[in-house]
Amino acid sequence: MSHIIILGAGIGGMPAAYEMREALGKEHQVTVINAQDYFQFVPSNPWVAVGWRTRDKVTLPIRPYLERKGIDFIAQAVTQIDAEQNTLTLADGETIKYDYLVITTGPKLAFDEIPGSGPAHFTRSVCTVEHAEQTWADYQNFVKDPGPVIVGSMAAASCFGPAYEFAFILDTDLRRRRMRNKVPMTFVTSEPYIGHLGLGGVGDSKGLMEHEMRDHHIKWITNAKVTKVEEGKMFVAEHGANGEVVKEHELPFKFSMMIPAFKGVDVVAAVEGLCNPRGFVLVDEHQRSKKYRNIFSAGVCIAIPPVEVTPVPTGAPKTGYMIESMVTAIVHNIQADLAGAPAEAKATWNAICLADMGDTGAAFVALPQIPPRNVSWFKKGIWVHVAKVAFEKYFMRKMKKGTSDPLYEKYVLKMLGIKKLED
């Protein structure tokens, strides 16, 4: 019997556990380790941040659903990975052995790279449900005494969708409160242009998103690097095409939500030879560590190079469909390894995203994620908003049932009217 440990229980880790159990049967042990005892549906956090969702709607307890499928669960942080000895050390000092390790931890949020940024200081976040709840608490105070708002992303951010979502969701909520006219809004982003999304643009995302920004009276600064944040004031260096600083901005604000840069989590980054300098796991085309043959990784925590060089650093996003395809490849490759066969499964690195915009939405498909592409498709409409609301319910229901179905392929693609994704 082999022991497979999945480190992290997010959008990658939970499906990985279900797929692993179904593929390997009961003769192998599957264990999930996560610092928290609950799963959170991170894509819903922008709604939590304006009070459109509550915590109980976007989280669920992990243990009962995993144990129902014969999957062990440990609700502790891991403090050390000994990759040479195939051993993890837990926060309580206990050690646990593995035959295969699947790392799906997600990122470390690098608020510390910008002085004054982050939930402990002067900007808010929607990266975790706790951050979103804090943002909602501050937002309730803000609407009593409104003023300028700044939304956007820091240098080296790689997840731009939630910043756009939050800006438009906030705009919608303020209009419903009949107070949008009291709130000047600026979108500050490290992207070289609006709609870049860390993907070099998708279809006419630049034109469409610029139109939406103008239509919603949201000003923007691109090629922007936030240098520091003080109470009520953000300092931004705007860069030119060659990377030179062309303008310094000192922007006042009463409320701000900024997506930080991501790094690898400390315990993973500390393993010699496992990660790149930012702490992201280096994997081959089969999602296997380039140094340790029994370590695999999927999701935001893996190293993917930027799609292009930009004046201010931007990272490449890892969307839900891509993450699930990585998970499926890992399961098949571990299954093959156990059978003494070579790893052959590869993830489909295609980008698919549903982005809510309050009372409408935008969807994009980039096949493959890195251009040139076979498909580059970007559309907007109320149907995207409806699709994302429905998908939230669908995903949470599937997590409770413990399904290993490829959720994005069966549901999101159907909503987009796409029958099949070609590699």
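Analysis parameters
- Residues numbered from 1 in each chain as written.
- Predicted model: local features only at pLDDT ≥ 70, side-chain atom pairs only at ≥ 80, totals over all residues.
- Heavy atoms only, no water.
- Phe/Tyr/Trp six-rings, centres within 6.5 Å; stacked < 30°, edge-to-face > 60°.
- Helix = DSSP H or I, 4+ residues; strand = E, 2+ residues; numbered from the N terminus.
- Buried < 20%, exposed > 50% of the residue type's maximum accessible area, 1.4 Å probe, protein only.
- Lys NZ or Arg CZ within 6 Å of the ring centre and 35° of its normal.
- Pairing = 2+ DSSP bridges.
- Axes fitted to C-alpha atoms, helices over the stretch in contact; angles between N-to-C directions.
- Core = buried A, V, L, I, M, F, W, Y, C linked by side-chain atoms within 4.5 Å.
- Contact = heavy atoms within 4.5 Å.
- Salt bridge = Lys/Arg side-chain N within 4 Å of Asp/Glu carboxyl O.
- Expected span 1.5 Å × (residues − 1).
- Arc of directions from axis to C-beta.

(A) Spotlight on the packing of aromatic side chains. Summed over all chains, the structure comprises 13 aromatic pairs. Ring geometry for Phe41 and Phe395: centres 5.1 Å apart, planes at 35°, overall tilted. Of the two residues, Phe41 is situated in the loop between β3 (38-40) and α2 (45-48) and Phe395 in helix α10 (residues 382-401); the sequence distance between them amounts to 354 residues. By relative accessible area, Phe395 is classed as buried at 0%. Each ring, one from Trp377 and one from Trp383, has its centre 6.5 Å from the other, and the planes form 50°; the classification is tilted. We classify Trp383 as partly exposed; its relative accessible area is 32%. Ring-pair connections join several aromatic residues into one group, and the members of that group are Phe39, Phe41, Phe391, Tyr394 and Phe395. The positively charged end of Lys318 is found above the aromatic ring belonging to Phe280, 4.9 Å away from the centroid. It is Lys388 that lies over the ring of Trp47; its NZ or CZ is 5.9 Å from the centre.

(B) Representation of the sheet that holds strand β15 (residues 233-239) within the structure. Spatial ordering of the open sheet is given by β14-β15-β16, a layout of 3 strands whose pairing is antiparallel. The sheet terminates laterally at β14 (224-230) and β16 (245-252), the two strands that pair on one side only. Strand-to-strand twist across the sheet, computed as the mean angle between neighbouring axes with direction ignored, equals 20°. Bridge count for β15 against β16 is 7 bridges, and the pairing is antiparallel. Note that in β16 the partner of Lys233 across the bridge is Pro252.

(C) Layout of the nonpolar core. Residues Phe39 and Ile81 are the most contacted members of the largest nonpolar core, which totals 66 residues. Excluding its chain neighbours within four sequence positions, the residues that come into contact with Phe39 are Ala9, Gly10, Ile11, Met14, Val58, Thr59, Leu60, Ile62, Phe395, Met396 and Met399. Core analysis: the second largest hydrophobic core is formed by 55 residues, Leu170, Leu199, Met357 and Phe378 among them.

(D) How the structure looks around the pattern of salt bridges. Under the criterion given, the structure shown has 19 salt bridges. We note a salt bridge from Glu130 to Arg55, for which the minimum N-O separation is 3.1 Å. Note that Glu130 is positioned in helix α5 (residues 129-142) and Arg55 in helix α3 (residues 55-58), a separation of 75 residues in sequence. Under the relative-accessibility criterion, Glu130 is labelled partly exposed at 32%.

(E) Representation of the sheet that holds strand β9 (residues 100-103) in the model. With parallel pairing, 5 strands are arranged side by side in an open sheet as β5-β2-β1-β9-β19. Of all the strands in the sheet, just β5 (72-74) and β19 (295-297) have a single pairing partner and so form its edges. Ignoring strand direction, the axes of neighbouring strands in this sheet form an average angle of 20°. One ladder, built from 3 bridges, connects strand β2 (residues 29-33) with β5; its direction is parallel. Across the sheet, Val32 pairs through a bridge with Phe73, a residue of β5. In the packing of helix α9 (residues 320-338) onto the sheet, the strands contacted are β1 (3-7), β9 and β19, and the crossing angle to β9 comes to about 170°.

(F) Representation of unusual backbone geometry in the model. Following Leu367, the chain continues to Pro368 via a peptide bond in cis, the omega torsion being -10°. Along the chain, the position of Pro368 falls in the loop between β21 (361-367) and β22 (375-380). Although it is not a glycine, Ala156 sits at a positive phi angle of roughly 75°. Here Ala156 shows up in the loop between β11 (149-153) and α6 (161-176).

(G) α5, seen in detail. Given a rise of 1.5 Å per residue, 14 residues ought to cover 20 Å, and the 19 Å separating the end C-alpha atoms of α5 matches this to within 8%. Looking at α5, one finds that the buried residues are Val129, His131, Ala132, Thr135, Tyr139 and Phe142. For α5, the buried positions fall inside an angular range of 145° around the axis, keeping them on one side.

(H) Here's a closer look at the pairing of β15. Counting buried positions along β15 gives 5 out of 7 residues, so the element sits mostly inside the fold. Pairing of β14 with β15, which is carried by 6 bridges, proceeds in the antiparallel orientation. Of the residues in β15, the one forming a bridge with Val226 is Val236. The antiparallel hairpin formed by β14 and β15 contains 2 residues in its connecting segment, where Gly232 sits at a positive phi of about 75°. Two successive antiparallel strands, β15 and β16, enclose a turn made up of 5 residues, where Gly243 displays a positive phi of approximately 90°.

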